[in-house]
Amino acid sequence: MTRQLNLNLFIYPGGHHEAAWRYPGSQPERLSDIGYYQDLARKAEAAKLDAIFFADAPALPENIRYASRHRLEPLTALAAIAAVTERIGLIATASTTYFEPYNLARLFASVDHISRGRVGWNIVTTSAANAAQNFGLDHHPVHAERYERAHEFVEVVSRLWDSWEDEAIVADAASGVFVDDGKVHAINHAGKHFRVAGPLNTPRTPQGRPVYVQAGSSLDGRHFAALHAEAIFTAHQTLASAQDFYADIKARARGVGRNPDHIKVLPGISPFIAGTEADAHRLEAEFNELIQPAYSLDQLKRMIGLDLSGHDLDAPFPRHLVDTGSPAGVASRFQVIIDIVDREKPTLRQLLHRLAGARGHRVFTGAPEQVADTIEDWFRNGAADGFNVMPPWLPGGLDAFVDGVLPILRARGLFREEYDGATLRDHYGLPRPESSFSRAPALHSA
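Residues numbered from 1 in each chain as written. Predicted model: local features only at pLDDT ≥ 70, side-chain atom pairs only at ≥ 80, totals over all residues. Heavy atoms only, no water.

> How should the pairing of strand β11 (residues 264–273) be read in this particular structure?
Where a strand is regular, its side chains alternate between the two sheet faces. When you tally the buried positions in β11, you get 10 out of 10 residues, the bulk of the element. Side-chain alternation along β11 places Lys264, Leu266, Gly268, Ser270 and Phe272 on one buried face and Val265, Pro267, Ile269, Pro271 and Ile273 on a second face that is also buried. By the bridge criterion, four bridges tie strand β10 (residues 231–234) to β11 in an arrangement that is parallel. Residue pairing for β11: phenylalanine 233 is matched across the bridge by leucine 266. Between β10 and its parallel partner β11, the chain crosses via helix α6 (residues 239–255), and the hand of that crossover is right-handed. Sheet topology note: the β11/strand β13 (residues 386–389) ladder contains two bridges and is parallel. (Buried < 20%, exposed > 50% of the residue type's maximum accessible area, 1.4 Å probe, protein only. Helix = DSSP H or I, 4+ residues; strand = E, 2+ residues; numbered from the N terminus. Pairing = 2+ DSSP bridges. Right-handed = clockwise from strand over helix to strand, strands pointing away.)

Put into C-alpha cells, the structure is as follows:
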C-alpha cells in the first residue's frame, strides 16, 4: 500500500492559541465536561484520524489568571472516551518522574483493555519544577537524572506488560484451570531507582503493550526516543530543521538495531484556515489581538529563562540577554525559540504573537489547499511521517481542518478513507510486540 500520513488530533483545553477561550464560538464553560471531549473524539473518529492526544502535567501552572490551564486527568478521560468510540487511538501523557512503574503499568493496561487496544503512552520526564512539592520532594530532579530514571522506568513497565504471556488465560472449565500460571512471571527487578517484583495483576493487553510515544527533542530525548519510542511528537518551524531531526532519529534507530519505519515522526502543526490566504491572516490577527501580554511574557520566561516583563514590546527582541548556558538551554523548545529570533529578528511583540499560536510548534496560515501543500511537502521530503494537528481553537479549528484540508489530502491519496484496523498499532503500521518471556524461556519463573 502507498505510504500514507498519520494524523492525530492534539486536544489542548479550548485550543492551542493562548487566547482561544476568548474567541467567539469557543466553549470555555465545557472544559471540565467529559461530553465536550467525547464530542471532539467522535468528530475526529468520523474523520478517520489516527488518534487523539492529551498533554498533561502533575502540577497546576502558576500563570492561570489569563488562560485555560486546568485539565482533566487524561487516563480517566480516555476511559470515558473509549466508551463512546470504536476505532480512534487514545494517547495520554504520564510522567516517569512522578509515577511509579507498577501503578502506571496497571492504569495503561486497563485502558488498553477497556478500549480494545487503542492506547498510547506519551512518556515525559516533566519539566515543571513546581511539581516536586506535590510529591513530597524538596527539589525537582535535574534533566540528566530524570532521563536516567526514565530509561529504567520504561524497562520495568515493559517487563510488567510482558509478565503475562498471551496464552496465559486458558479458562478451561472441564479441567478447572483458569490460568496457566507457568505463563505468568515475576520480573524481580532491582535497579538504581526501582525495586519491583511483579507480575502485573492485569493480563497482557490487546496490543501486547500500549504504543510508546515520546516528545523530547534534546540530545537526551533523541537517544531515549531511538531506544524506546514508536511515535515522536516534535516541534519545528522550518522544513530544514524538521528534515535534520527526522534523519537523525531514523539514523539513531538504525544504530541501535531498530527498524526506522517503526518510529513515526509527527511534528505539530497549528493551522489557521479560511477560504483565502488573506482571510486566514485576518483570522490569526483576530486571535493575536486577544492575547494578554503579561501571560505571554510569563510563558516566554518559562521557555527561555528570561524575564522581559519591563521590556518595550515593540523594540527588537534583546537577543544579547539570552543565557544559552542556563538550565533552560538544554530544552528543545528553547532552541526552537532562539532559532526564530535569529532567523526572523522579531520585535518582542512579534515573537509573542508567533508563540501564542502553539508554544513553538509550527503555525501555518492559509487556505485549505495551502495547508495541504505544506503537509504534503514535509511528508514527501523526509521531514515527517504525519502530524499532530493542533487546532488554534476548538471545536471550530478542528471543523476547518476536517472539512477543508482532509478532502484534499484524500484526493491526493495521502490519507485514508476508512480505518484498515482496530488498534492504534494498526493505524500506525506498527507490529504487535511479543512478550519477552515468550522469546526467552530461560527467564520463566515458577
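> How should the packing of aromatic side chains be read in this particular structure?
What describes a pair of aromatic rings is the distance from one ring centre to the other and the angle between the planes of the rings. The final tally for this structure, using the stated rule, is 18 aromatic pairs. Ring geometry for tryptophan 121 versus phenylalanine 153: centroids 5.8 Å apart, planes at 50 degrees, classification tilted. Within this pair, whereas tryptophan 121 is found in strand β4 (residues 119–124), its partner phenylalanine 153 is found in helix α4 (residues 143–162), the two being separated by 32 residues in sequence. With respect to class, tryptophan 121 is no different from phenylalanine 153; both count as buried. Centroid distance phenylalanine 272 to phenylalanine 287: 5.3 Å. Interplanar angle 65 degrees. Geometry classified as edge-to-face. Here phenylalanine 272, found in strand β11, pairs with phenylalanine 287, found in helix α7 (residues 277–288); they are 15 residues apart in sequence, far enough to count as distant. Phenylalanine 272 gets classed as buried once you look at its relative accessible area, which sits at 1%. You can call phenylalanine 287 buried: its relative accessible area is 0%. One aromatic cluster is present, built from ring pairs that chain together Phe108, Trp121, Phe153, Trp161, Phe194 and Tyr212. Over the ring of tyrosine 212 we find arginine 209, and its NZ or CZ is 4.0 Å from the ring centre. Here the guanidinium or amino end of arginine 359 rests over the ring plane of tyrosine 12, the centre of that ring lying 4.1 Å away. (Phe/Tyr/Trp six-rings, centres within 6.5 Å; stacked < 30°, edge-to-face > 60°. Lys NZ or Arg CZ within 6 Å of the ring centre and 35° of its normal.)

> Is there a simple way to explain the side chain of threonine 126 in this structure?
Mapped onto the elements, threonine 126 comes out in the loop between β4 and α4. Every residue in contact with threonine 126, bar those within four places of it in the chain, is listed here: Pro58, Ser95, Thr97, Tyr98, Ala131, His140 and Arg146. (Contact = heavy atoms within 4.5 Å.)

> It is not clear to me how empty space enclosed by the protein should be interpreted in this structure. Could you clarify?
The rolling of a water-molecule-sized probe over the atoms marks out the regions of remaining empty space. Taken as a whole and judged by the stated rule, the model has five cavities of 30 Å³ or more. The calculated volume of the largest cavity comes to roughly 150 Å³. Residue lining of the largest cavity: 18 residues in total, with Tyr12, His16, His17, Glu18 and Tyr295 positioned closest to the centre. Going through the elements one at a time, α8 (293–304) and α10 (348–356) are the ones with two or more residues in the lining of the largest cavity. The greatest single-element share of the lining of the largest cavity, amounting to three residues, is contributed by α8. (1 Å grid on protein atoms, 1.4 Å probe; cavity = no way out; pocket = protein on both sides within 12 Å on 5 of 7 lines; lining within 4 Å. Points joined across faces, edges and corners; volume = space filled by probe spheres on them.)

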